[in-house]
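# Architecture at a glance
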Amino acid sequence: MKDKARIAVLVSGGGTNLQALIDAQKAGLIPHGEIVTVISNKEGAFALERAKKAGIEAVTILKSDCGSTEEFEDVIGDSLEFRKIDLIVLAGFLAVLSENFVKRFQNRIINIHPSLIPSFCGDGMYGLRVHNAALARGVKVTGATVHYVNEITDGGEIILQKAVDILPGDTPAALQKRVMEEAEWKLLPQATEIVCQKIIKETSADEYL
Ligand code: GRF
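The present account deals with the structure reproduced in this document. (Residues numbered from 1 in each chain as written. Predicted model: local features only at pLDDT ≥ 70, side-chain atom pairs only at ≥ 80, totals over all residues. Heavy atoms only, no water.)

## Some remarks on the overall build of the chain
- Across its full length, the chain holds six helices and seven strands.
- Counting from the amino terminus, helix and strand elements in the chain follow one another as β-α-β-α-β-α-β-α-β-α-β-β-α.
- The C-alpha atoms of the chain give 17 Å as radius of gyration, which agrees with the globular expectation for 209 residues (17 Å, within 12%).
- Projected onto its principal axes, the C-alpha coordinates of the chain cover approximately 55 × 40 × 35 Å.
- Within the chain, the proportion of its 209 residues that are buried is 47%.
- Pairs at least 24 apart in sequence give 66% of the contacts found in the chain among residues at least 6 apart. (Helix = DSSP H or I, 4+ residues; strand = E, 2+ residues; numbered from the N terminus. Rg over C-alpha atoms; globule rule 2.2 N^0.38 Å. Buried < 20%, exposed > 50% of the residue type's maximum accessible area, 1.4 Å probe, protein only. Contact = heavy atoms within 4.5 Å.)

Structure below.
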């Protein structure tokens, strides 16, 4: 019986959420999972440095090296299967994954989004745009959500959410930072552990069938 789910983290940028996962793993907060690879679709993403520093394999797969989106996703999917990955964590991964890819890894992909879904999410809603939209709408509370990934952008089942107050004078950048510090960096490791536990349970139950 396996005791740890094999985790791949997919990134495109700075990787502060990846760092939160690495730190949580080191602190023993993800006992049912192990980050075995980090895959970036952007050359030189700082997240790759964070992975290497933690002794984790860091891989770059560029869409421009593949003929089409389909081939790009095939290369990623094959790399994940080759590494026997149980859970794919999207941590600031900016490529939208097709229905085909999502079906290939059904219930095995989770994502972190910097708002309380269903507010300020969906196609084109990423990065500072999300916080801009929250401030423009004048909401008093925002937050972060970790959810399963399905064929609808930010539409999969919600795993965890955490609220963050909007303060007078907040700018999009200030709000982004506070949502990360107060919500994202705590929520993603917690949700990852929850899903890893579930995967381990399912896999050991399957062994008895
Ligand atoms: C985070 O705000 C995350 O919620 C979103 O993309 C951003 C990634 O930041 N999906 P980082 O690369 O983890 O620092």
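## Observations concerning the sheet that holds strand 3 (residues 57–60)
- Strand order in the open sheet formed by seven strands is 3-2-1-4-5-6-7, with mixed pairing between adjacent strands. Both edges of this open sheet fall to strand 3 and strand 7 (158–165), since each of them pairs with a single strand only. Geometrically, the sheet is characterised by an average inter-axis angle of 20 degrees between neighbouring strands, direction not taken into account.
- Here seven bridges tie strand 6 (residues 141–148) to strand 7, and the two strands are oriented antiparallel to one another. Counted as the bridge partner of Val146 is Leu160 from strand 7.
- Sheet strands touched by helix 2 (residues 46–53): strand 1 (5–11), strand 2 (33–40) and strand 3. Its angle to strand 3, the strand with the most contacts, is close to 155 degrees.
- Packed on one face of the sheet, helix 6 (residues 172–207) meets strand 1, strand 2, strand 4 (87–90), strand 5 (109–113), strand 6 and strand 7 and runs near 160 degrees to strand 7. (Pairing = 2+ DSSP bridges. Axes fitted to C-alpha atoms, helices over the stretch in contact; angles between N-to-C directions.)

## Regarding the packing of helix 5 (residues 128–137) against helix 6
- For the pair helix 5 and helix 6, the least separation of the axes is 9 Å and the interaxial angle reads 110 degrees. When the axis of helix 5 is compared with that of helix 6, the two are roughly perpendicular. From helix 5, Leu128, His131, Asn132 and Leu135 reach across to helix 6, where they touch Pro172, Ala173, Leu175, Gln176 and Val179.
- When grouped by side-chain class, the residues that make up the contact of helix 5 with helix 6 number six nonpolar, three polar and no charged. (Parallel < 35°, antiparallel > 145°, perpendicular 65-115°, else oblique. Nonpolar A, V, L, I, M, F, W, Y, C, P; charged D, E, K, R; others polar.)

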